[in-house]
Amino acid sequence: MDRNYTVTRFVTDIPVDELISKYFDYSKTHELCKACSGYAGTWACPPFDFEPEDFLRQFSVFHLIVDRIDNSGTANVDEAQDRLFTEKDRYDAEMLELEKATPGSYGMAAQECVQCKKCARLSGHPCVHPDKMRYSLESIGAFPVKLVHDKFGFDILWSDGESIPEYYLLVAGLLKK
Ligand code: SF4
């Protein structure tokens, strides 16, 4: 992929026991999700018909992969967002490839599922791309902000709608048996 900006990758392995004991509380994240306008907006979002902790406990290690996307050179907030969305598509596709190459693994998505223009859930139908739909850390009950800060020493940044943060982050990775 040709770029005129920098994407820096940070990786580390975290035992799933540690992920759950230090960085997971589905009851809390679910309450936060309920306040979101996108709540139940895709099949990758809560509420679920399974226990997220049981889902995570199928695996033993979480291979955390963080891509830090430099926003320098972007002319405005929209341009920075477009850069992020381009990188998210690339990142999510890469997690699916990693999953394919790693038997028994699960490649998580960075943030929400954007595979369809309008999710089938909104019209009461099953997911049309279960081969591509993947849960994110946030949706499944984990806290990426604390995870990234503890493991790598920097923070997730957001725009206030007018300012362009120094960088954006894509935070997800691979759950492994
Ligand atoms: S793949 Fe499409 S139908 Fe499935 S959760 Fe994502 S947006 Fe919804």
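Observations concerning the sheet that holds strand S2 (residues 61-70)
Hydrogen bonds between backbone groups are what pair the strands of a sheet, and the pairing can be parallel or antiparallel. Here four strands make up an open sheet; going across it, the order is S1-S2-S4-S3 and the pairing antiparallel. Sheet topology places strand S1 (7-15) and strand S3 (106-107) at the edges, where each strand pairs with a single neighbour. As paired strands, S2 and strand S4 (residues 167-176) are joined by 10 bridges and run antiparallel to one another. Across the sheet, the residue bridging to Val61 is Lys176, located in S4. Lying on the sheet, helix H4 (residues 77-101) is in contact with S1, S2, S3 and S4; it crosses S4 at an angle near 10°.

Looking at the nonpolar core
Counting 42 residues, the largest nonpolar core has Leu56, Phe62, Met108, Tyr135 and Leu175 as the members making the most contacts within it. Sorting the residues of this core by element identifies helix H1 (16-23), helix H3 (52-56), S2, H4, helix H5 (144-152) and S4 as the ones contributing at least two each. Here the element with the most residues in this core is S4; it accounts for seven residues.

Looking at the environment of Val7
Looking at the element boundaries, Val7 is found in strand S1. Judged by its relative accessible area of 22%, Val7 falls in the partly exposed class. Along the sequence, Val7 and Leu96 sit 89 residues apart, while their C-alpha atoms lie 19 Å from each other. Leave out the neighbours within four places in its chain, and Val7 touches Asp67, Arg68, Ile69, Glu87 and Arg90.

A word on the side chain of Asp92
Locating Asp92 in the fold gives a position in helix H4. Classification of Asp92 as buried rests on a relative accessible area of 11%. Residue contacts for Asp92: discarding those within four places in its chain leaves Ala109 and Ala110.

Cut-offs and rules
- Residues numbered from 1 in each chain as written.
- Predicted model: local features only at pLDDT ≥ 70, side-chain atom pairs only at ≥ 80, totals over all residues.
- Heavy atoms only, no water.
- Pairing = 2+ DSSP bridges.
- Helix = DSSP H or I, 4+ residues; strand = E, 2+ residues; numbered from the N terminus.
- Contact = heavy atoms within 4.5 Å.
- Axes fitted to C-alpha atoms, helices over the stretch in contact; angles between N-to-C directions.
- Core = buried A, V, L, I, M, F, W, Y, C linked by side-chain atoms within 4.5 Å.
- Buried < 20%, exposed > 50% of the residue type's maximum accessible area, 1.4 Å probe, protein only.

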